[in-house]
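# Observations on chain architecture
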Amino acid sequence: MSTELSEQEVLRRQAADQMRELGINPYPAPLYEINAHSKEILEKYPEDNTLFQEVSIAGRIMSRRIMGAASFVVIQDSVGKIQLYIKRDEICEGEDKTMYNTVFKKLLDIGDIIGVKGYVFVTQMGETSIHVKELTVLSKSIRPLPIVKEKDGVIYDAFTNPEQRYRQRYLDLVVNPEVREVFIKRTKIINTIRNFFNEKGYLEVETPVLQPIPGGAAARPFITHHNTLDIPLYLRVANELYLKRLIVGGFDGVYEFSRNFRNEGMDRTHNPEFTCMEIYVAYTDYFWMMELTEEMIERVALAINGTTKAMIGDKEIDFKRPYKRVSMRDSIMEHTGYDILTMSEKELFEACKAMKIDVDNTMGKGKLIDEIFGEKCEHHYIQPTFIYDYPKEMSPLTKAHRETEGLTERFELFLNGKELANAYSELNDPIDQLERLQHQLHLQERGDDEAMFIDHDFVRALEYGMPPTSGMGIGIDRLTMFMTNTPSIQDVLFFPQMKPEKVADNNTQEEV
RNA sequence: GACCAAGUAGCUCAGUCGGUAGAGCACAUCCCUUUUAAGGAUGGGGUCCUGGGUUCGAAUCCCAGCUUGGUCACCA
């Protein structure tokens, strides 16, 4: 059944038709040249009232206060809102007052996009406004916009329904201006990181999204099929193995902003597709990478918030480097009293039981240590902290520790009790690498559907020799959440994944 | 995946014990005409998420489902 139009939708369609009858195209083709934006006018005019005396501006009508021979309209452009003063006899020279009485008063609505030319002045109420001399209809809106009103910082009738906000992000962006700010900051974060690496001479690269073997992370992949080659292809879960191949190829430093895809659960901090930045630098180790990471994060914080201090929830975070470094062994010792290095698998298992951590028999030593850290330690690290030296079993792509058997040269950066970045001295011993991947294969055969696949070409690349290299990956969505104090990943993605709308299904079936 | 909550006009929401579907904004008509979320009056607008059930009667109670949110589990 086709959806019937609401009264307001019918009226707006009729208004568009009436415009056409008056010879006004509600969707005109020619460009509309603008020479100013709302924000610069509001900022500069009060200081110099000789400016903006021939202004041309365009935007969406957000409110109208209609009077007899003169009216006030607020339009919104890409950077803000500004009031227009529209006087009948100025937009309608001569006897024909149709443009004002009919087009402006009757046929235009909130949501329509118009362009105006005129001069800037200050009203009796002290508001910088545009005195309109010419009005052009640029686009008729035939679906009513949610009306959000605001006075003295108080929002009335806010458009808040999360389902509609995410499904119809365009609407969210139009009526909730603070939403736009988060996304502008997101882009600024990415640009800051990009500039930082480019200044250091690292090369931004692009590697395959469609991979024959989904490597580089332990995660369930999305699978698809290539018709011509008649082979399965996987959407990448990580780009790590390709970037390391490029280090083998002779680049000193490569990085990529990688959209990764993982066929796993969705919640406030997980979306099936998300963005990770990974960087690999030859002839370095994980201690060097800690310094690069803290330098990068401090710089991002300064670029976004103008200070290294930021609020996350009700906690104040300081991104000023250097960050505290704590080995995983010391962390667990501090928070539980156990020394994991001296304990057998059985002792670790018993210790978990004693601490009421949920464990089972399939868990190896590394997994048990990981559980202890996750349960007892992780949440303590509110300020940025590097946790380093992870158990070998959990880190199949990480170089074995230079001193301690059973550990790897890996660190993660924790912030507000959550993981933000992950880095290693990269494993470049091809024999060790193959053995570790084969161990993953055993896990897979035992039913671990997130164990890594073996990428033999990657091992072959290592056999030719990869210089000692450190690599680091950081979740851009999560970084954006931290930097903008946003608790949900859906609020840092323009179009978060949603279940399909039921209505859309019905329509499709009807049309077929 | 488990549990909890929500779904009523374009938007934000109320709806009592199960008894004719409500408000504000938006919209329309009229009056007023230099206003500031909102001048005044009148009016139109509803698949009460969907499907069953109980009942003389369901927005309301029960069951199932859908969508969204939250918590937990899972996700190094």
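Procedures and definitions
Residues numbered from 1 in each chain as written. Chains lettered and ligands numbered in written order. Predicted model: local features only at pLDDT ≥ 70, side-chain atom pairs only at ≥ 80, totals over all residues. Heavy atoms only, no water. Core = buried A, V, L, I, M, F, W, Y, C linked by side-chain atoms within 4.5 Å. Buried < 20%, exposed > 50% of the residue type's maximum accessible area, 1.4 Å probe, protein only. Helix = DSSP H or I, 4+ residues; strand = E, 2+ residues; numbered from the N terminus. Contact = heavy atoms within 4.5 Å. pLDDT = per-residue confidence, 0-100. 1 Å grid on protein atoms, 1.4 Å probe; cavity = no way out; pocket = protein on both sides within 12 Å on 5 of 7 lines; lining within 4 Å. Points joined across faces, edges and corners; volume = space filled by probe spheres on them. Nonpolar A, V, L, I, M, F, W, Y, C, P; charged D, E, K, R; others polar. Domains from an automatic or database assignment. Expected span 1.5 Å × (residues − 1). Arc of directions from axis to C-beta. Salt bridge = Lys/Arg side-chain N within 4 Å of Asp/Glu carboxyl O.

What follows is about the nonpolar core. Side chains of a nonpolar character, in soluble globular proteins, are inclined to be buried together. I193, F197, M277, I279 and I474 are the most contacted members of the largest nonpolar core, which totals 39 residues. With nine residues, the top contributor of residues to this core is helix α9 (residues 286-305). Excluding its chain neighbours within four sequence positions, the residues that come into contact with F197 are Y202, Y255, M277, I279, L292 and M296. In this structure, A36, L84, Y100 and L135 belong to the second largest nonpolar core, which totals 29 residues.

Before going further, it helps to spend a moment on the confidence of the model for chain A. Averaged over all residues, the pLDDT of chain A equals 90, while 96% of them reach at least 70. Contacts for the low-pLDDT stretch residues 503-512, under 50 throughout, to residues beyond four places or in other chains number one contact. On the interface metric, ipTM, the complex scores 0.88, and its pTM is 0.92.

What follows is about the layout of surface pockets. Approximately 760 Å³ is the volume attributed to the second largest pocket. Surrounding the second largest pocket, 31 residues form its lining, Q76, K81, V148, E150 and P177 being those nearest its centre. The element contributing the most residues to the lining of the second largest pocket is helix α7 (residues 177-199), with five residues. Along the lines of polarity and charge, the residues of the lining of the second largest pocket split into 15 nonpolar, five polar and 11 charged. When residues of the lining of the second largest pocket are assigned to domains, at least three fall in each of domain 1 (7-145) and domain 2 (179-323 + 383-491).

Another aspect to go through is the domain arrangement of chain A. Accessible area lost upon the coming together of the parts serves often as the stated size of an interface. Domain annotation of chain A identifies domain 1 (7-145) and domain 2 (179-323 + 383-491). Taking only C-alpha atoms, the centre of domain 1 and the centre of domain 2 are 49 Å apart.

Turning our attention to helix α1 (residues 7-21). Given a rise of 1.5 Å per residue, 15 residues ought to cover 21 Å, and the 21 Å separating the end C-alpha atoms of α1 matches this to within 8%. Every buried residue belonging to α1 is among E9, R12, A15, A16 and M19, and all of these are buried. An end-on view of α1 places all buried positions within 115° of arc, on one side of the element. Turned more than 90 degrees off the buried face of α1, the exposed positions are E7 and E21. Where the residues of α1 are buried, they touch α4 (98-107) and β5 (128-139).

Let's shift gears to unusual backbone geometry. Glycine aside, negative phi is the norm for most residues, and most peptide bonds take the trans geometry. Here the bond from R321 into P322 is cis, since omega is 0°, no more than 30 degrees from zero. Among the structural elements, P322 can be located in the loop between β15 (315-318) and β16 (324-327). The backbone of K356 sits at a positive phi, close to 60°, despite the residue not being glycine. Topologically, K356 is positioned in the loop between α11 (345-354) and α12 (365-377). A relative accessible area of 76% places K356 in the exposed class. Backbone geometry places D389, a non-glycine residue, at a positive phi of 70°. Looking at the element boundaries, D389 is found in strand β17 (residues 385-391).

Evaluated as defined, the whole model comprises 29 salt bridges. Among the salt bridges present, the one from R402 reaches D285, with a minimum N-O distance of 3.0 Å. Taken as a pair, R402 in the loop between β17 and β18 (407-415) and D285 in the loop between β13 (273-282) and α9 lie far apart in primary sequence, 117 residues in all. Connected through shared salt-bridge partners, R12, D109, D112 and K140 make up one network.

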